[in-house]
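Close look at the chain arrangement
Now for the letters of each chain:
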Amino acid sequence: MAQTILNAGHGYAGLDRWVKDSGTGRIFLVCGNSLRLLPLDSYFKSLQERLGITVTRFSSFQPNPSYESVKKGVQKFRESRADSMIAAGGGSAMDVAKCIRIFSGRNKAGSCLEQEPVPGHIRLLAIPTTAGSGAEATKFAVVYDQGEKKSVAHEACRPDAVYLDAGLLQTLPDYVKKSAFMDAFCHAVESFWSVNSTDESRKYSLEAVKLILENGDRYFAGMFDAGENMLLAAHLAGKAIDIAQTTAGHAMCYQMTRIYGIAHGHAAALCVKQLWPWMIANTDKCADIRGRRYLDAVFGELASAMGCTAALAAADRFCKIFDDLKLPLPDAGKTGIWPAAASVNAERLKNNPVALSSGDISGIYQKIFQDTET
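The residue count restarts for each chain, going from 1 along the sequence in the order it is written. Selection of residues for local features in this predicted model requires a pLDDT of at least 70, selection of side-chain atom pairs for listing and counting requires 80 or more, and totals for whole chains, interfaces and linings are taken over all residues. By convention in this description, side-chain values take in all heavy atoms of the structure and omit both hydrogens and water.

Considering the overall build of the protein
How we decide: Strands are runs of DSSP state E lasting at least two residues, helices are runs of H or I lasting at least four, and both sets are numbered from the N terminus onward. In this setup the radius of gyration rests on C-alpha atoms only. A globule is expected at 2.2 Å times the number of residues raised to 0.38. We call a residue buried when its accessible area falls under 20% of the maximum for its residue type, exposed when it is over 50%, and partly exposed in between, using a 1.4 Å probe and counting protein chains only. Note on contacts: a residue pair is in contact if any heavy atoms of the two residues lie within 4.5 Å. A 1.4 Å probe and the Shrake-Rupley method give the accessible areas. Residues count as covered only by the protein chains that appear here.
Helix and strand counts for the protein stand at 14 helices and eight strands. For the protein, whose C-alpha radius of gyration is 20 Å, the value lies close to the compact-globule estimate of 21 Å for 374 residues. In terms of overall dimensions, the protein has C-alpha extents of about 60 × 45 × 40 Å along its principal axes. A total of 374 residues make up the protein; the buried ones form 56% of that total. Across the protein, every contact between residues at least 6 apart in sequence was considered, and the portion connecting residues at least 24 apart equals 79%. For the protein, the exposed surface amounts to about 16000 Å²; the carbon and sulfur share of it is 51%.

Overview of the packing of helix H6 (residues 199–220) against helix H7 (residues 224–244)
Counted only if it meets this: All axes here are fitted lines through C-alpha atoms, helices being fitted over the stretch that makes contact, and every angle between N-to-C directions spans 0 to 180 degrees. Put simply, angles under 35 degrees are roughly parallel, angles over 145 are roughly antiparallel, angles from 65 to 115 are roughly perpendicular, and the rest are oblique. For a crossing to be left-handed, the near helix must be turned anticlockwise from the far one by less than a right angle; the clockwise case is right-handed. Three classes are used, and their members are as follows: Ala, Val, Leu, Ile, Met, Phe, Trp, Tyr, Cys and Pro are nonpolar, Asp, Glu, Lys and Arg are charged, and the others, Gly among them, are polar.
The N-to-C vectors of H6 and H7 enclose an angle of 155°; their axes lie 8 Å apart at closest approach. Of the possible angle classes, the one that applies to H6 and H7 is roughly antiparallel. Handedness of the H6/H7 crossing: left-handed. A breakdown of the residues in the contact of H6 with H7 according to their chemical character gives 14 nonpolar, five polar and five charged.

A word on the pairing of strand E7 (residues 148–153)
Every other side chain in a regular strand lies on the same face of the sheet, so the side chains alternate between the two faces. As a reminder of what qualifies: Pairing between strands is defined by DSSP: at least two bridges between them are needed.
Pairing analysis gives six bridges linking strand E6 (residues 140–145) to E7, with the strands arranged antiparallel. Bridge pairing in E7 links Tyr144 to Lys149. Between E6 and E7, which pair antiparallel one after the other, the connecting turn spans two residues, and Gln146 there sits at a positive phi close to 55°.

A short note on the sheet that holds strand E5 (residues 123–128)
Judged by pairing direction, the sheet is parallel, and its six strands sit side by side in the order E1-E8-E5-E4-E2-E3 without closing on themselves. Only two strands of the sheet have a single neighbouring strand rather than two, namely strand E1 (4–7) and strand E3 (54–58). The sheet shows a mean angle of 20° between the axes of neighbouring strands, direction not considered. Pairing analysis gives four bridges linking E1 to strand E8 (residues 161–164), with the strands arranged parallel. Within E8, the position partnered with Ile5 by the bridge is Val162. Running over the sheet, helix H3 (residues 67–80) touches strand E2 (26–31), E3 and strand E4 (84–89) and is turned about 165° from E3.

Section: the nonpolar core
Short version of the rule: The nonpolar core is taken to be a set of buried Ala, Val, Leu, Ile, Met, Phe, Trp, Tyr and Cys residues, with the residues joined through side-chain atoms within 4.5 Å.
Counting residues in hydrophobic clusters, the biggest one holds 71 residues, and the most contacted among them are Met182, Trp193, Met256, Trp276 and Phe318. Here this core takes eleven residues from helix H9 (residues 264–281), the largest share from any one element. Of all hydrophobic cores here, the second largest spans 28 residues; its members include Met85, Ala93, Ile102 and Val143.

Concerning the pattern of salt bridges
We apply this condition: Salt bridges, as used here, are contacts in which a Lys or Arg side-chain nitrogen is within 4 Å of a carboxyl oxygen on Asp or Glu.
Applying the stated rule across the entire model yields 17 salt bridges. The salt bridge partner of Arg123 is Asp83, with a shortest N-O separation of 4.0 Å. Taken together, the residues Arg123 in strand E5 and Asp83 in the loop between H3 and E4 connect sequence positions 40 residues apart. In this structure, Arg158 and Asp242 form a salt bridge, with 2.5 Å as the shortest nitrogen-oxygen distance. Separated by 84 residues along the polypeptide, Arg158 in the loop between E7 and E8 and Asp242 in helix H7 bring together distant segments of the chain. Assigned by exposure class, Arg158 and Asp242 land together as buried. Connected through shared salt-bridge partners, Lys139, Glu155, Arg158 and Asp242 make up one network.

Some thoughts on H9
Operational definition: The length a helix should cover is 1.5 Å for every residue beyond the first. Bend at a given residue is defined as the angle between two axes, one fitted to the seven residues that end at that position and one fitted to the seven that begin there.
For H9, spanning 18 residues, the distance from its first C-alpha to its last is 26 Å, which sits close to the expected 26 Å at 1.5 Å a residue. Most pronounced at Leu275, the bend in H9 amounts to some 25°, and the proline Pro277 follows within four residues. For H9, the tally of buried residues reaches 15 of 18 residues, placing the bulk of the element in the interior.

Some details on the packing of aromatic side chains
The condition is simple: The aromatic pairing rule takes the rings of Phe, Tyr and Trp, using the six-membered ring of Trp, and pairs them if the centres are within 6.5 Å, calling planes under 30 degrees apart stacked, those over 60 edge-to-face and the rest tilted. Here, a charge over a ring means that NZ of Lys or CZ of Arg falls within 6 Å of the ring centre while also lying within 35 degrees of the ring normal.
Under the criterion given, the structure shown has 14 aromatic pairs. Between the aromatic rings of Phe28 and Phe77, the centroid separation amounts to 5.3 Å while the plane-to-plane angle is 80°, which identifies the pairing as edge-to-face. Placement of the pair is Phe28 in strand E2 and Phe77 in helix H3, with a sequence separation of 49 residues. Members of the aromatic cluster, connected to one another through ring pairs, are Phe181, Phe185, Trp193, Tyr219, Phe220, Trp276, Phe299 and Phe318. Here Lys177 stacks its cationic end above the ring of Tyr219, 4.5 Å away from the centre of that ring.

Given below as structure tokens:
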């Protein structure tokens, strides 16, 4: 079933319409603590008095949420007897809500991660408060079990409806805004060159790239309409990765967030910045069954979408956009690059159109941290 996209209206009219039309009496709200800093917080506080709807909040999770926090969420959800769920936040809030939705019907005795999904019939509305993850558009979620990344994939993970409100972006901290922007950009380009790409996914990717390039400067200048376009770009990039998935850039970035204390989108961009030109120089290692000629054409088409006449020029433009954001650079310190190199998700590497050896991966990490030292 296609997602319903709700656009922001005066006084959250779109949200009221969804709440009323769904006939809900109890809402389970999965949100980060930062929601309390947004006007949206007052909307949820008003539901009991205005519409007689009970709202139970769950915020007991951190970025890169743990399986343990999801289990607590499942328990609280069951106790709430809610008939609808809303996820308001970035990718972590979305991941937690998705997992609660499909884990809540599973056997309490065993690990939910090892059981077949039990989708149930709980309505789920997603409200992204950053323009980056695109998680509101995908059937995927990520949780960490004892520090190890676990991917969850099921059609029931995809929210039934999405509420897009650029007003929620106005007070984002600068670092969050920039790293989320780069996350959307990485999703768009990685899904475009993924071995799983299709005509449909590439269409979403190119639309996202176009919106990102056309609106980036105005978005960072605080223009409201540019924020609306960035939310759409992140959503389209999410639709692209829902089909094609991400590639080596994301495979290499996940543990960097934990090891070096940087945001997910920031880590992904650091990896893609080095991966992109390396792949162009190594298309002889093509791993896409459509062949090297096809892959060269993909890089050429992506370059054209970025206003460049050559593949390497597009990679250079990506690097310049990243560098101009002046994101703080990670310090490998005493850990070095090896913890990150050892943690790369081999399954995600299978989506990459150019085969990478362990030596290739280490070499790319070396370039990432050489950059941080210059």
